[in-house]
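So you can see what is in the structure, the chains are spelled out below.
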Amino acid sequence: MQFRVSGVNHATGARMVLELEAPSKAAAEHKARAAGMDVQHVEPIGADPVARHGSQHRGEDPGRAAGVHPVVKTLVLLALLAVVVYFAWPWIRRTLGG
């Protein structure tokens, strides 16, 4: 399979793009590093590109489930708790003997 590897020449700092034949993405990156490149991106090219599952970017979540963000849930929960404490405070003071 062919890969297009882009990066920077380690010695000169010039931008480089190489098209390499390799069995995998990691092997293409290894060949580019052996050629003196600091690799920034590797992408498959050719007739049968690798079927991608998930995200296009490294470290990104492949798919988020629908729903409310956990921070929003926490803020809503704290707001509800504050309202309950506000209205229940007189009863709490009496119960504690204050």
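Preceding block: the structure.
Below: a short report on this structure. Keep in mind that this is a model prediction, so the values were computed, not measured. Along every chain, residues carry numbers that run from 1 in the direction the sequence is written. Totals for whole chains, interfaces and linings use all residues, but because this is a predicted model, local features are given only for residues with pLDDT of at least 70 and pairs of side-chain atoms are given and counted only at 80 or more. Each side-chain value is worked out from all heavy atoms of the structure, with water and hydrogens disregarded.

Things to note about the pattern of salt bridges
Let me state the cut-off plainly: Basic side-chain nitrogens of Lys or Arg form a salt bridge, by our definition, when they fall within 4 Å of a carboxyl oxygen of Asp or Glu. For helices the rule is a DSSP run of H or I covering at least 4 residues; for strands it is a run of E covering at least 2, with both sets numbered from the N terminus onward. The classification of residues rests on relative accessible area computed with a 1.4 Å probe and restricted to protein chains. Under 20% of the type maximum is buried, over 50% is exposed, and intermediate values are partly exposed.
Considering all chains together, one arrives at three salt bridges under this definition. Across the pair Arg4 and Glu43 runs a salt bridge whose closest N-O atoms are separated by 3.7 Å. Of the two residues, Arg4 sits in strand β1 (residues 2–9) while Glu43 sits in strand β3 (residues 37–45), which places them 39 residues apart along the sequence. The exposure class of Arg4 is partly exposed, given its relative accessible area of 30%. We classify Glu43 as partly exposed; its relative accessible area is 31%. Among the salt bridges present, the one from Arg33 reaches Glu29, with a minimum N-O distance of 3.0 Å.

Here we look at the pairing of β1
Put simply, the test is: For two strands to be treated as a pair, DSSP must find no fewer than two bridges joining them.
Where β1 meets strand β2 (residues 15–21), seven bridges bridge the pair, whose relative direction is antiparallel. Bridge pairing links Val5 to Leu18 in β2. Linking β1 to β2, which pair antiparallel, is a turn of five residues; within it Gly13 sits at a positive phi near 85°. Pairing of β1 with β3 involves eight bridges; the strand directions are antiparallel. Directly across from Val5, in β3, lies its bridge partner Val42.

Some words on the nonpolar core
So the rule is basically this: Among buried residues, the Ala, Val, Leu, Ile, Met, Phe, Trp, Tyr and Cys ones that are joined through side-chain atoms within 4.5 Å form a nonpolar core. Any two residues having at least one pair of non-hydrogen atoms within 4.5 Å are treated as being in contact.
Membership of the largest hydrophobic core is limited to ten residues, which are Phe3, Val5, Met16, Leu20, Ala22, Ala28, Ala32, Met37, Val39 and Val42. Mapped onto this core, the elements with two or more residues apiece are β1, β2, α1 (25–34) and β3. For this core, the element with the most residues is β3, which contributes three residues. Not counting the four nearest positions on each side in its chain, Val39 is found in contact with Val5, Ser6, Gly7, Glu29, Ala32 and Arg33.

Side note on the side chain of Ser6
In this fold, Ser6 is placed in strand β1. Apart from residues no more than four positions distant in its own chain, Ser6 is found in contact with Met16, Val17, Met37, Val39, Gln40 and His41.

A few points about a nonpolar patch on the surface
Note the cut-off: Patch criteria: residues need more than 30% relative accessible area and no salt bridge. Like-charged residues are merged within 9 Å; nonpolar side chains of Val, Leu, Ile, Met, Phe, Trp and Tyr are merged within 5 Å. Surface accessibility follows the Shrake-Rupley procedure with a 1.4 Å probe radius. Residue values consider only the protein chains on display as shielding.
A cluster of nonpolar residues, Val71, Leu75, Leu78, Leu81, Val85 and Trp89, forms a patch on the protein surface that exposes about 590 Å² of accessible area. Position of Val85 relative to the elements: it lies in helix α2 (residues 70–96). Looking at Val85, the relative accessible area reads 38%, which means it is partly exposed.

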